[in-house]
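Report on the structure
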Amino acid sequence: MTPKFKAQAGTFESSDIMVLIEPVTEETGRQIDISSTVMLQFENDIKTTINQVLDELDIQDVHLIAKDKGALTPTIKARVEAAVKRSLGIQEGTM
Amino acid sequence: MLYIPGNNPAMIQQSGVYGCDAVLLDLEDAVALNQKDAARILVRNMLQTVEFYDTEVCVRVNNMHTPFGLADLEEIVPLQPDNIRFPKTETVQDVKDFMKEVRRIEKKHGIKNPTMTIHVMIETAKGVANVYDIANADSRIDAITIGGQDLTADMGIVKTPDGVGIDYARKRIVMAGKAYGLDVLDTVFADVNDEEGLREETEYIKKIGFAGKALINPRQVDVVHEVFNPTENEVRKAYRVYSEFIRNKNAGIGVFAIDGKMVDAPVVQRAITVLEYANIDLKEIEKSVAS
Amino acid sequence: MKNALGVEIPEYIEGFGELKPFRGVWKSIIEDEAPATNISRTLKAKKPHTSKLCDNLEAAIKKCNPFDGMTVTFHHHLRGGDGVLMQTIKILDEMGIKDITLASSSLTSAHDGLVPYVEKGMITKIFSSGIRGRLGEIISMGKLKYPAIIHSHGGRVRDFLTGRIKPDLSVLAASAADEEGNATGSHGPSAFGSMGYADIDARYSKNVIIVTDNLVDYPCVPSTVRQHFIDYVVKVDSIGDASKIASGTTRITTSPMDLRIARIAANVIEHSGLFKDGMSFQVGAGGASLAVAKFLREDMKRKDIKGSFMIGGVTSYGVDMLNEGLFQAIFDVQSFDAAVSSSVLNNPNHIEITCDQYANPNNCGSMTNKLDVVVLGALEVDVDFNVNVITGSSGEIRGASGGHSDTASGANLTVVVCPSFRGRLPIVKDRVHTVVTPGESVDVIVTERGVCVNPSKPNLAAALIKAGVKVVDIKDLKEKVDAMTGIPAEKELGDKIVALVEYRDGTIIDVIYNVENLS
């Protein structure tokens, strides 16, 4: 599936992660930009987690921007899932 | 029972460490309308991964009359938290409709022996009026809670620190809960900095029969525990009553006296309640009497 | 050579000479020959009725004949508000003095201005109990010519007495002083309380300048530092930022997590066997550590316990406990807020002590050796109970050793309070980045997810379990926390030694390597 709308989920609070999704044209693949307060220690981990959720939701083409403040894995997964579902128009969300 | 906003990961991930008996992960009033989806997903993920230790976990879903209630159940029921709380219960039919969905989802996920119990929340005048029937509406209901903020709003009055406006509702709900063997839990105390006010209110609601109180900040845990936990003296007395009771029972004696005061079944029952609050294992006492 | 913790210690370091490896908390002090004192009072004859007053700091410094390679010392009682250290360094630099050894009892956020002086080689050695901010970062990046020496408060006194630090010039700020140099921090508009760290500098430095914004009529009474050690006195408009020198009263944290940890720590103390009349107690000034005092205060009242003394690091909270009669006396080497100054001044049971009396491992009466219970913080702890309070999660220098290892070594019960993780970074590690306080001197680590008792204290563990405290094996705790947070990738450290952590007995307990590319 391909995101149709700009969408976001999460907050800038500590232990949370703000995930923004921008639709891109098909076949452009995934572009994931991460910034984090624990970049040094967890950059790869965050990237793996995000990709895992995108795989599960079958999202191939997306620009995803994540601003992390030390969120744990279940939180990262939840925020990516919420943002993706919002961008697909599956769930009512905010922008 | 500590209320935790369902869209706040920092608070959810730490909620098991504050030493409260239960946490309530809230998808209802503590979550903004436009974040209901995000909170639902977050709570679902956290239930699966966060360590809550000995703390019971309850999830408050949205009312079935909102666009969120059913979606909440679909995500939460399969995970079987210790309890699920059904807010703004007003009629027996509300409970029936709610339980029908719960059972349908459990069946769909192949949950044959569901462990999750139901807490109903009474927060409207109509709910207070119907509380006796609601308390008896389904065998899986094991607790009943009063929601003071919504109730005063529904009654069109201001909630005052003395709680006089909801006093009748409190007592009626307690009586309904007692009638059907349910735990009855009290509403929140909103001023986190007023430790004395919290203590006074907790002492009052303990006296009229509540088994616990809702908290909005971990800092309130100690005060409520101090009020509800029996004193060392009470525990010592209860221990003595119960061990004498067992000793006499083993000897075939029903009613006996301690320090010249008669000990009968209600006295023993009160002693058991004290010992349970103090987390003392009755079996241990029985063993020590036997040996 | 390897020290007792398995850390590879160089035998010789350019600029400092031969190093001795850490052998154990008391081993070197008890078994080794006492180090020779290598310091003498400078004879400072002065004609009768001549003035020590100088027009300004520059004039006073000139009279001290500064030279390349000299050692300049300061106290850190002005904390984040200090204006005197930077002013002195600036003057020395303008005079063209270079190759300076800076020995301040600690360095705070007020000293980020030292960065250019370090970078250009004007300052080439640093002794301090703490290094923070940008200065810590550039030292971590290898910009200081010789490795910085991180000592404890007590270790600093020992370093003076053994001659590892040889003070040529000491510039000591005071909130009140007279023309002869009788000086104090206990009164005056910029009052900062105890002046305990400055005593050793005043006594043994070749040249001592008192700097004050409050020159009072002779004699300055009461005074801490006395006139017969003081060479010159300077009146300045300001000794620093008053709002940061002493601000109001220290408030107990409202963070639920810190309060929870503190509550558990107070339970640990209550059931340790030491919670009884005559107990002595020290607590840090921050977060969970100070909050322990709040709960201990309630517990002491509830159980009607009367303690003996508190030491510190004193906050207004400690003063309140003194005034309530919960303790008989406070021994104060350093005060943390404005309310404390008036207590130092007015309450005879609030006793200002020198750092020598506080924590010097090589005297026969340091207060830390009389301590029952101390509660300390941590940046990291490890499964061997070692504590790091100096380096951050990337291995960068950003903290302070302070009195951590001093109090831990002396107390009957050393309690370390810390969350099990901070912002996804686990605090319990297999090995801390840097050992400041060895696990041998740490009895209990209290986190929100359980209490870890040093295996060397099985009776304590049994007592706590019996009292219903949730005691967990530290390795199990680490595993659980790692499962929550994930295991952090560690930044590769360089191979250049940028700092040495000197244990209080003068041996080297750990070395700090350079970190590349700190942003």
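Residues numbered from 1 in each chain as written. Chains lettered and ligands numbered in written order. Predicted model: local features only at pLDDT ≥ 70, side-chain atom pairs only at ≥ 80, totals over all residues.

In plain terms, the rule: UniProt positions are given in the numbering used here, feature names are shortened, and annotations may be inferred rather than shown by experiment.
For chain C, an unreviewed UniProt entry supplies the name Citrate lyase alpha chain and the organism Marinifilum caeruleilacunae. UniProt, in its Subcellular location (unreviewed entry) section for chain C, records the words "Cytoplasm".

A closer look at the packing of helix H1 (residues 39-56) of chain A against helix H2 (residues 73-87) of chain A
Residues and elements named next belong to chain A. Cut-off, in case you're wondering: Orientation is described by axes fitted as lines to C-alpha atoms, over the contacting stretch for helices, and by angles from 0 to 180 degrees between their N-to-C directions. Counting from the N terminus, the helices are the DSSP runs of H or I reaching at least four residues and the strands are the DSSP runs of E reaching at least two. Any angle between 65 and 115 degrees counts as roughly perpendicular, while under 35 counts as roughly parallel, over 145 as roughly antiparallel, and the rest as oblique. By convention, the crossing between two helices is left-handed when the near helix turns anticlockwise from the far helix through less than a right angle, and right-handed when the turn is clockwise. Think of it this way: build a C-beta for each residue from its backbone, and any pair within 7 Å is a contact. Only Asp, Glu, Lys and Arg are considered charged in this grouping, and only Ala, Val, Leu, Ile, Met, Phe, Trp, Tyr, Cys and Pro are considered nonpolar; every other residue, Gly among them, is considered polar.
Interaxial distance between H1 and H2 falls to 9 Å at its minimum, and their mutual angle equals 45°. The orientation of H1 with respect to H2, classified from their angle, is oblique. The handedness of the crossing between H1 and H2 comes out as right-handed. Touching Ile46, Thr49, Ile50 and Val53 of H1 are Thr73, Ile76, Lys77, Val80 and Glu81, all from H2. Residue classes in the contact of H1 with H2 are distributed as five nonpolar, two polar and two charged.

A closer look at the interface of chain B and chain A
With 12 residues of chain B in contact, the opposing surface of chain A contributes 18 residues. Those elements that place two or more of their residues in the side of chain B that touches chain A are helix H1 (9-14) and helix H2 (36-49) of chain B. For the side of chain B that touches chain A, the element with the highest residue contribution is H2 of chain B, accounting for eight residues. Of the residues assigned to the side of chain B that touches chain A, the class counts are six nonpolar, five polar and one charged.

A short note on the sheet that holds strand S15 (residues 309-314) of chain C
By definition, the strands of a sheet pair up through backbone hydrogen bonds, in either a parallel or an antiparallel sense. Residues and elements named next belong to chain C. Definition in use: Two strands pair under a simple rule: DSSP has to find at least two bridges between them.
Taken together, the eight strands give an open sheet; going across it, the order is S17-S16-S15-S14-S18-S22-S26-S27, and neighbouring strands pair in mixed fashion. For this open sheet the edge positions go to strand S17 (350-352) and strand S27 (450-453), each flanked by a neighbour on one side alone. On average, each strand axis in the sheet is tilted by 20° relative to the strand beside it, whichever way the strands run. By the bridge criterion, two bridges tie strand S14 (residues 281-283) to S15 in an arrangement that is parallel. Paired with Gln282 across the bridge in S15 is Ile311.

A closer look at the environment of Asp82 of chain B
Its place among the elements puts Asp82 of chain B in the loop between helix H3 (69-76) and strand S4 (83-86). When the C-alpha positions of Asp82 of chain B and Ile118 of chain B are compared, they lie 8.8 Å apart, and in sequence the two are 36 residues distant.

Some points on the pairing of strand S16 (residues 329-335) of chain C
All names here are of chain C. To keep it simple, the criterion reads: Any residue with 12 or fewer other C-beta atoms within 10 Å of its own C-beta is exposed, any with 20 or more is buried, and the rest are partly exposed; the C-beta atoms used are placed from the backbone. Think of it like this: strands point away, you trace from the first strand over the helix to the second, and a clockwise trace means the crossover is right-handed.
Counting buried positions along S16 gives six out of seven residues, so the element sits mostly inside the fold. Bridge count between S15 and S16: six bridges; the pairing is parallel. Looking across to S16, one finds that Val314 is bridged to Ser335. For the handedness criterion, the β-α-β arrangement of S15, helix H11 (residues 316-323) and S16 is classed as right-handed. Sheet topology note: the S16/S17 ladder contains three bridges and is parallel. By the bridge assignment for S17, Ile330 is matched with His350.

A closer look at the pairing of strand S7 (residues 183-186) of chain B
Residues and elements named next belong to chain B. By the bridge criterion, three bridges tie strand S6 (residues 141-146) to S7 in an arrangement that is parallel. Along S7, the bridge assignment pairs Ile144 with Val184. Relative to strand S8 (residues 212-213), S7 runs parallel, the two sharing two bridges. By the bridge assignment for S8, Asp186 is matched with Lys213. In terms of handedness, the path from S7 via helix H9 (residues 195-207) over to S8 forms a crossover that is right-handed.

Quick look at helix H10 (residues 287-303) of chain C
All names here are of chain C. What counts is decided by this rule: The span you would expect from a helix comes to 1.5 Å times its residue count less one.
Taking 1.5 Å per residue as the helical rise, H10 with its 17 residues ought to reach 24 Å, and the 25 Å between its terminal C-alpha atoms agrees with that figure. If you check which residues of H10 are buried, you get Gly287, Ala288, Ser289, Leu290, Ala291, Val292, Ala293, Phe295, Leu296 and Met300. Residues of H10 that are buried in the fold lie against helix H9 (256-270), S14, H11, strand S18 (373-376) and strand S22 (413-417). Positive phi shows up at Asp304, right after H10, with a value of about 55°.

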